[in-house]
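Secondary and tertiary structure notes
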Amino acid sequence: MRSIAIFLLFAGLVAGFRPPDPASYEDLLDLFQAWRDFQHPRVDDGVPDYTAKAMAAQHRGLAGYRERLAAIDTSGWSVAQQVDYHLVRAEMNGLDFDHRVRRPWENNPAFYTMIWPSQSDVPAREGPVIYGAIELWQYPLPHSGDDARRLGERIRAIPPLLDQARRNLTGNARDLWTAGIRALGEQQRDLDALAARVAGSPLEADARAASEATARFIGWLESKADEKTGPSGIGVEHYDWFVRNVMLVPYTWAEQVAMMKRELARAHAALKLEEHRNRHLPSLRPIDDEEEYDRKMNAAVTEYMAFLEDEDVVSIKPYMDGALRARIGRYAPPVDGRREFFAEANYRDALVMRTHGYHWIDLARMAEEPHPSPIRREPLLYNSFVSRAEGMATAMEEMMMHAGLFDGRPRARELIYVLLAQRAARALGDLYMHSNDFTMQEAVQFASAWTPRGWLPADGQTVFFEQHLYLQQPMYGTSYLIGKIQIEDLIARLSLQQGDAFTLKRFMDSLNERGVIPVSMMAWEMTGDRETVSAWLTP
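A brief structural summary. (Residues numbered from 1 in each chain as written. Predicted model: local features only at pLDDT ≥ 70, side-chain atom pairs only at ≥ 80, totals over all residues. Heavy atoms only, no water.)

Helix and strand counts for the protein stand at 25 helices and four strands. Scaling as 2.2 N^0.38, a compact globule of 539 residues should have a C-alpha radius of gyration of about 24 Å, and the protein matches this with 25 Å. With respect to the principal axes defined by its C-alpha atoms, the protein has extents near 95 × 65 × 50 Å. Taken over 539 residues, the protein has a buried fraction of 54%. Within the protein, counting contacts between residues at least 6 apart in sequence, those at least 24 apart form 77% of the total. By element, 53% of the accessible surface of the protein is carried by carbon and sulfur atoms, the whole surface being about 23,500 Å². Side-chain charges of the protein comprise 61 positive and 76 negative groups, with the mean position of each set lying 2 Å from the other. (Helix = DSSP H or I, 4+ residues; strand = E, 2+ residues; numbered from the N terminus. Rg over C-alpha atoms; globule rule 2.2 N^0.38 Å. Buried < 20%, exposed > 50% of the residue type's maximum accessible area, 1.4 Å probe, protein only. Contact = heavy atoms within 4.5 Å. Areas by Shrake-Rupley, 256 points an atom, 1.4 Å probe, with all protein chains shown as cover. Lys, Arg positive; Asp, Glu negative; His and termini not counted. Charge placed at Lys NZ, Arg CZ, Asp CG, Glu CD.)

Relative to the helices and strands, Lys228 is located in the loop between α9 (202-224) and α10 (236-245). For the buried residue Lys228, which engages in no salt bridge, the nearest side chain bearing the opposite charge is Glu227, 5.0 Å off. A polar side-chain atom of Lys228 sits 2.9 Å from the main-chain carbonyl oxygen of Gly171. (Salt bridge = Lys/Arg side-chain N within 4 Å of Asp/Glu carboxyl O. Polar contact = N/O pair within 3.5 Å; in protein donor to acceptor, adjacent residues only side chain to side chain.)

What follows covers the environment of Gly230. Locating Gly230 in the fold gives a position in the loop between α9 and α10. For the pair Gly230 and Asn172, spaced 58 residues apart in sequence, the C-alpha separation works out to 5.1 Å. Sequence-distant contacts of Gly230, defined by excluding residues within four places in its chain, comprise Asn172, Ala173 and Arg174.

Another point: helix α6 (residues 145-155). Within α6 the residues assigned to the buried category are Ala148, Leu151, Gly152 and Ile155. Buried residues of α6, viewed axially, fall in a sector of 100 degrees; they line one side. Packed against the buried residues of α6 are β4 (134-135), α7 (158-168), α8 (174-197) and α9. (Arc of directions from axis to C-beta.)

Below, the discussion takes up the layout of surface pockets. Approximately 1,300 Å³ is the volume attributed to the second largest pocket. Along its surface, the second largest pocket is lined by 45 residues, and Pro123, Ala124, Arg125, Pro379 and Leu381 are the ones closest to its centre. Secondary-structure elements contributing two or more residues to the lining of the second largest pocket are α2 (25-39), α4 (79-102) and α16 (358-368). With five residues, α16 is the largest single contributor of residues to the lining of the second largest pocket. Taken together, the residues of the lining of the second largest pocket break down into 26 nonpolar, ten polar and nine charged. (1 Å grid on protein atoms, 1.4 Å probe; cavity = no way out; pocket = protein on both sides within 12 Å on 5 of 7 lines; lining within 4 Å. Points joined across faces, edges and corners; volume = space filled by probe spheres on them. Nonpolar A, V, L, I, M, F, W, Y, C, P; charged D, E, K, R; others polar.)

Evaluated as defined, the whole model comprises 22 aromatic pairs. Ring centres 6.4 Å apart and planes at 80 degrees place the aromatic pair Trp77 and Tyr85 in the edge-to-face group. The exposure class assigned to Trp77 is buried, which follows from its relative accessible area of 10%. Between Tyr293 and Tyr331, the ring centres sit 6.3 Å apart and the planes meet at 65 degrees, which makes this aromatic pair edge-to-face. One end of the pair, Tyr293, is in helix α12 (residues 290-310); the other, Tyr331, is in the loop between α13 (318-325) and α14 (341-346), with 38 residues separating them in the sequence. One aromatic cluster in this structure is built from Trp253, Tyr432, Phe438, Phe446 and Trp450. For Arg182, the ring lying beneath its charged end belongs to Phe464, and the centroid distance is 3.8 Å. (Phe/Tyr/Trp six-rings, centres within 6.5 Å; stacked < 30°, edge-to-face > 60°. Lys NZ or Arg CZ within 6 Å of the ring centre and 35° of its normal.)

What follows is about helix α22 (residues 476-498). Between its first and last C-alpha atoms α22 spans 32 Å; for 23 residues at 1.5 Å apiece the expected length is 33 Å, and the two agree. Maximum bend of α22: about 25 degrees, positioned at Ile482. The positive-phi residue at the C-terminal boundary of α22 is Gly499, with phi of around 60 degrees. (Expected span 1.5 Å × (residues − 1). Bend = angle between axes of the 7 residues up to and from the residue.)

Looking now at unusual backbone geometry. If you check the backbone angles, Arg453 has positive phi at about 70 degrees while not being a glycine. By the element assignment, Arg453 lies in the loop between α20 (440-449) and α21 (461-472).

Another point: the nonpolar core. Among the nonpolar cores identified, the biggest contains 131 residues, and Leu28, Trp35, Met260, Tyr304, Met396 and Met400 are the most heavily contacted of them. Contacts of Tyr304, omitting those with residues within four sequence positions, involve Leu324, Leu351, Arg354, Thr355, Tyr358, Met396, Met400 and Leu405. Counting residues in each nonpolar core, the second largest holds 39 residues, with Leu191, Ala195, Val198 and Phe217 among its members. (Core = buried A, V, L, I, M, F, W, Y, C linked by side-chain atoms within 4.5 Å.)

A few words on the pattern of salt bridges. Under the definition given, this model contains 42 salt bridges. Ionic pairing is found between Arg149 and Asp146, a salt bridge with its closest N-O pair at 3.9 Å. Of this pair, Arg149 and Asp146 both sit in helix α6, three residues apart, roughly one helical turn. With relative accessibility at 48%, the residue Asp146 sits in the partly exposed group. For Glu397, the salt bridge identified is with Arg423, shortest N-O distance 2.8 Å. In this pair, Glu397 is assigned in helix α18 (residues 386-403) and Arg423 in helix α19 (residues 410-434), connecting sequence segments 26 residues apart. Comparing Glu397 with Arg423, the two get one shared label, buried. Beyond isolated ion pairs, a larger network of salt bridges with shared partners links Glu263, Arg266, Glu398, Lys484 and Glu488.

Take a look at the structure:
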């Protein structure tokens, strides 16, 4: 038998045959492209198919992709290639979780929101977003030619999509249902605003028809609201699985609760100490006109960029300044004497929120310096990028304070801790909603009560939007501080590993080179130590 095998092998070699090579990294890239094509639903006449039959078929089909991924042998791969493997695995886990647990097409009316007027500051729209959603900011005015035609086609898909939604939405999650009514009301207003902007063009009729369809859909949701009595949180066990296997974060629900409580207490205590130190200084006065706004915002970008360069914080690229200036926005007067939360900080010291604007530098880098790996070049699915995207933007606030950015602006340091407290309070809302200890309204009240200075009123837009997002997307609310904590941990480990060779600029540049991926995966690459993830990363 052995001699026959040797003969056949020799004959094959003579004929030009080569035994199949072990699975290679190129096989992963091929699978990734096939997976991305498979992941989105079938589209009929511009309408994505989220019917029960279609979703059951998709879930069955997912098993084959997961089997193909599991069959790939990563032995001998570089750390970066192994990280790419786990990024693909996390995406497949995300779709599996949607089918097993979240089922947004069944439980979440807001999932059927199609219109998004402004750009998100992270690589992909936050939360579960329907395939084919219209990013209206990508269609600059005046709408004409191919842009107008494509936009009209997509808007005309809204009425049949909402008709399908009535059949698909069979869930019993009360908070998701009632919050969805408010979210769809935003869509109706956005469509009405669009119709007004394009008055007299064919797009006006499309926008008005979609608005009317949205109004009818809202009426249907309201008629069914009293029937919805079930919880909306996913439960602690599912939360832990999602965090570990989709978000690639090593902390359980209970660990995150402890961490967020500590951050909330630290923020309040630090704020009081800062206020005590500054008690003889004048309070920060909000910007109160358009000229002052433009002058101070542009000056803040100039000062921030100079600090990053002069203090060797990060390598400066030509696109960074423009990325920040493009997001200055326009002056808006207060309404009834108040502004939404982030404007309260932004209008008191323009430099503070420029640090969080690292988001826009990240997005500009993705466009100007695409990552060599196709897997990292496009936004990761299921928001698994958030520990890096939101964590880094949040970390920059306190990191830059400690690096000296606000040494000449002591009252600005107070704002850093106000922001920190708000992030911790809303994060606990996320955690307690998903353990079903809080209703969404209780999470809103908690975040409002624990945010300093009354800047997050419970009847405001910000707190509702945030808690609704966190109810739809587990761990999004904790990602700002969990990601920040992971980044701080990475700095600590690298500083011990590198000793005197460690510099902030070297750290920042190395971090930026990895793409916008989970911090745990970046830590594995940057330290070269798989022990940082082996205790919890599924093989």
